[in-house]
Amino acid sequence: MRRKRSGNRSALFALAALAGLCLPAQAAIIGTCTIMIGASGTMKSNPAINILGSKQAGGSSAGATITANSTLCSILNLLDCYTVSAPAPIAFTSAPSGGDTNVSFASVFRLDGSGVDIPGSSPQRVTNGTHTIQVDLTATKSPGIFPAGNYQGTVTVRCE
């Protein structure tokens, strides 16, 4: 003899719906901005040894490639949804004793081969696609001169 199951289908459905709500929500990715680091720059000193910079004689700019891709911006026909900046650091990553004392830093960057220097902390809009960036860093010691030794500075390129 079969027994009839007693139960409430609507209660079972409510329980299933509640379980579905407890699952983690999946966020839609509406865009990406990828930065591929290229060549490291080289800082050289000026003759007075109070400036170290990649724009000094013998120095070289650092480089990177930025690929911006925003589906939302493409759909809405807004091609400039990401901004790029390269603010100066507040200190050297490494320096000899006294090398960081009384030093100010400044950075500039150029996009897509432009000869125009943009201050590092000034965000610039970029369209979807691939862009090149060249970054220069200058450290100025005032008063005094830089002590002999190895210096390293890091500029963080941002795409936001």
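The structure displayed is predicted, hence computed values, not measured ones.

About the cut-offs
- Residues numbered from 1 in each chain as written.
- Predicted model: local features only at pLDDT ≥ 70, side-chain atom pairs only at ≥ 80, totals over all residues.
- Heavy atoms only, no water.
- Helix = DSSP H or I, 4+ residues; strand = E, 2+ residues; numbered from the N terminus.
- Buried < 20%, exposed > 50% of the residue type's maximum accessible area, 1.4 Å probe, protein only.
- Contact = heavy atoms within 4.5 Å.
- Areas by Shrake-Rupley, 256 points an atom, 1.4 Å probe, with all protein chains shown as cover.
- Disulfide = S-S within 2.5 Å.

Peer 1: Describe the overall build of the chain, naming the residues involved and giving the relevant values.
Peer 2: For the chain, the helix and strand inventory stands at 2 helices and 10 strands. Start at the N end of the chain and walk to the C end: the helices and strands fall as α-β-β-β-β-α-β-β-β-β-β-β. A total of 160 residues make up the chain; the buried ones form 23% of that total. For the chain, restricting intrachain contacts to residue pairs at least 6 apart in sequence, the fraction spanning at least 24 positions comes to 70%. As displayed, the chain has an accessible area near 10,600 Å², and 57% of this comes from carbon and sulfur atoms.

Peer 1: Before we move on, could you go through unusual backbone geometry and cite the residues and values that matter?
Peer 2: A cis amide bond links Ser142 to the next residue, Pro143, at an omega of -5 degrees. Structurally, Pro143 is set in the loop between β9 (129-141) and β10 (158-159). If you check the backbone angles, Asp112 has positive phi at about 55 degrees while not being a glycine. With respect to the element layout, Asp112 can be found in the loop between β6 (103-111) and β7 (118-119).

Peer 1: Lay out the state of the cysteines in plain terms, naming residues and giving numbers.
Peer 2: Scanning all chains against the criterion turns up 1 disulfide. For Cys33, the disulfide goes to Cys159, at an S-S distance of 1.8 Å. Residues Cys33 and Cys159 are joined through a disulfide that is right-handed, its torsion about the S-S bond being 90 degrees. Remark: Cys159 occurs in strand β10 and Cys33 occurs in strand β1 (residues 31-37); sequence separation between them is 126 residues. Taking relative accessible area as the criterion, Cys33 reaches 22% and is therefore assigned partly exposed. Taking relative accessible area as the criterion, Cys159 reaches 17% and is therefore assigned buried.

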